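Now for the letters of each chain:
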Amino acid sequence: MARTLVELFYDVVSPYSWLGFEVLCRYQHIWNIDLRLRPAFLGGIMQATGNKPPAMLPKRAEYMLKDVKRMAKYYQVPVQISEGDFQRIFGTSTLGAMRFITAIDMTQPRYLEPLSREFWIRFWSQREDISQPENILAVAGQAGLSSELAQKLLEMISSPAVKNRLRETTEEAIKYGAFGMPAVVAHFNGEPHLFFGSDRLELLSSVIGEKWLGPVPSVPSPKM
């Protein structure tokens, strides 16, 4: 049976994207899928679609604090969130980080998963700034990149090639119908199926004919 292509469009500023990322990374070894990680820029999607950050609505921000904490525990992802984080998010641009992640996707894709994870850990577990070059280099080191490679990638983020790739990926997500993140697109039966949010992965499994085993599935033992 042909494998189903599942694309995850994400930005490390989004805690819900981290939740969806970790679950799909677990299921890529269980489901008959090819998982393609698609770093994009949430700010570009919000601007193009007229969407607003959920925390701008006070009651929704109040709910989001509780929701992310519950989801993080249920999904077993170390997201740390507090009321002060909303101002931190509004005051931090992830454009440089997402260009850096895009550069690694273009040149050394084997590092894409661990590098993305380390950016989320730095921003959402350790509550550190990821917009400054020295912090981007520190994240790269934690992900296993050599200092020489990390410096080369840092220089690439201002290149037209990297800027264009990130913009094109963001525009592709919008064409699929994305208005926020995470945006998951499953290519099944000859057409793309868009799912918004980390809480739609059970529905994704139903559409592509796979079994949902919860957010932390156990990997089946090899048959003897």
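Higher on the page you've got the structure.
If you're wondering where the values come from, they're calculated on a predicted model, not measured in any experiment. (Residues numbered from 1 in each chain as written. Predicted model: local features only at pLDDT ≥ 70, side-chain atom pairs only at ≥ 80, totals over all residues. Heavy atoms only, no water.)

S.K.: I keep staring at the pairing of strand β1 (residues 4–10) and nothing clicks. Help me out?
M.R.: Side chains on a regular strand alternate between the two faces of the sheet. A large share of β1 lies buried, amounting to six of its seven residues. For β1 and strand β2 (residues 33–39), the ladder comprises seven bridges, and the chain directions are parallel. Of the residues in β2, the one forming a bridge with Thr 4 is Ile 33. Handedness of the crossover is the feature at issue here: the chain leaves β1, passes through helix α1 (residues 15–27), returns alongside β2, and the resulting connection is right-handed. For β1 and strand β3 (residues 183–188), the ladder comprises five bridges, and the chain directions are antiparallel. Note that in β3 the partner of Leu 8 across the bridge is Val 184. (Buried < 20%, exposed > 50% of the residue type's maximum accessible area, 1.4 Å probe, protein only. Helix = DSSP H or I, 4+ residues; strand = E, 2+ residues; numbered from the N terminus. Pairing = 2+ DSSP bridges. Right-handed = clockwise from strand over helix to strand, strands pointing away.)

S.K.: Is there a simple way to explain the nonpolar core in this structure?
M.R.: Core analysis: the biggest nonpolar cluster contains 73 residues, and Phe 100, Leu 115, Phe 119 and Leu 204 have the highest contact counts within it. Here this core gets eight residues from one element, more than from any other, and that element is α1. (Core = buried A, V, L, I, M, F, W, Y, C linked by side-chain atoms within 4.5 Å.)

S.K.: Explain unusual backbone geometry here, please?
M.R.: Outside of glycine, negative phi angles account for most residues, and trans bonds account for most peptide bonds. In this structure, the amide linkage connecting Met 181 to the following residue, Pro 182, adopts the cis form with an omega of 5 degrees. Position of Pro 182 among the secondary structure elements: in the loop between α9 (160–176) and β3. Its identity is not glycine, yet Gln 76 carries a phi of approximately 60 degrees, on the positive side. Positive phi outside glycine occurs at Asn 189, with the angle close to 55 degrees.

S.K.: It is not clear to me how the pattern of salt bridges should be interpreted in this structure. Could you clarify?
M.R.: A side chain of one charge can pair with a side chain of the opposite charge when the charged atoms of the two come close. Scanning the model with the defined rule gives eleven salt bridges in all. Taking the shortest distance from any N to any O, the salt bridge between Asp 105 and Arg 165 comes out at 3.9 Å. Separated by 60 residues along the polypeptide, Asp 105 in helix α5 (residues 95–107) and Arg 165 in helix α9 bring together distant segments of the chain. On the basis of relative accessible area, Asp 105 is assigned to the partly exposed category, the value being 21%. Between Arg 122 and Glu 128 there is a salt bridge whose closest N-O contact spans 3.1 Å. Salt bridges here are not isolated pairs; linked through shared partners, they connect Glu 7, Arg 36, Arg 38 and Glu 172. (Salt bridge = Lys/Arg side-chain N within 4 Å of Asp/Glu carboxyl O.)

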